[in-house]
Amino acid sequence: MIVMRPIQEPLVLEEINQGRFSGEVEGYVVMDGPDYKGSFLYKVENGVTWVLDEQLTDPSLIDGAVRAAVAAGENRGAGSFGINTDSPRLAAWRQAMFKIGPDVLPNDRLFHLCG
């Protein structure tokens, strides 16, 4: 079973981030039972959850990673999200999900609308 756990150790976050992103960067570790499947980083800033990076062994996990990051931001009051399109696989996910549109999208586009 795939499990995404928040990274709570600052040194682990620093090691994964390697100074690439500023601000209060947060992240998750992704596990499948005892098997490490990678990690992803995000931050919540001015009401926007920014999905910054993913280092996942399986690209099929990217959708769940984005949704987990945006949900964490929404739980802290962020009403919108943005994707770091400098990350090739995150950019591909954004293109597949939202072809065109602004850089920042309302959370409703990801979670709450049907049809």
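Everything here concerns the structure above.
Calculation criteria
Residues numbered from 1 in each chain as written. Predicted model: local features only at pLDDT ≥ 70, side-chain atom pairs only at ≥ 80, totals over all residues. Heavy atoms only, no water. Pairing = 2+ DSSP bridges. Helix = DSSP H or I, 4+ residues; strand = E, 2+ residues; numbered from the N terminus. Polar contact = N/O pair within 3.5 Å; in protein donor to acceptor, adjacent residues only side chain to side chain. Contact = heavy atoms within 4.5 Å. Buried < 20%, exposed > 50% of the residue type's maximum accessible area, 1.4 Å probe, protein only. Core = buried A, V, L, I, M, F, W, Y, C linked by side-chain atoms within 4.5 Å.

Engineer: Which parts of the structure should I look at to understand the pairing of strand β3 (residues 35-45)?
Structural biologist: Moving residue by residue along a regular strand, the side chains alternate between the two faces of the sheet. Pairing analysis gives 7 bridges linking strand β2 (residues 26-32) to β3, with the strands arranged antiparallel. Across the sheet, residue valine 30 finds its bridge partner in β3, namely glycine 38. Hairpin remark: β2 followed by β3, antiparallel, with 2 residues in the connecting loop; positive phi at glycine 33, about 60 degrees. Two elements, β3 and strand β4 (residues 48-56), share 8 bridges in a ladder whose sense is antiparallel. When the sheet's bridge partners are listed, tyrosine 42 is paired in β4 with valine 51.

Engineer: Just checking my understanding: could you explain the side chain of arginine 94 for this structure?
Structural biologist: Examined against the element boundaries, arginine 94 turns out to sit in helix α3 (residues 88-98). Polar contacts involving the side chain of arginine 94 include one to the main-chain carbonyl oxygen of proline 102, which spans 2.3 Å. The residues contacting arginine 94, other than those within four sequence positions of it, are Ile83, Thr85, Lys99, Gly101, Pro102, Asp103 and Leu105.

Engineer: Teacher, can you tell me more about the pairing of β2 here?
Structural biologist: Of all 7 residues making up β2, 5 are buried, and the element is well covered by its neighbours. Across 5 bridges, strand β1 (residues 2-6) lies against β2 in antiparallel orientation. Of the residues in β2, the one forming a bridge with methionine 4 is valine 30.

Engineer: Would you take a moment to explain the nonpolar core for this structure?
Structural biologist: In globular proteins that are soluble, nonpolar side chains generally tend to be buried together. Core analysis: the largest hydrophobic core is formed by 21 residues, its most contacted members being Phe40, Val51, Val66, Phe81, Ile83, Trp93 and Leu110. Those elements that place two or more of their residues in this core are β2, β3, β4, α2 (62-75), β5 (80-83) and α3. No other element matches the 7 residues that α2 contributes to this core. Leave out the neighbours within four places in its chain, and phenylalanine 81 touches Val48, Thr49, Val70, Trp93, Phe98, Asp103, Val104, Leu105, Pro106, Asn107 and Leu110. Counting 9 residues, the second-largest nonpolar core is a separate cluster that includes Ile7, Leu13, Val29 and Leu52.

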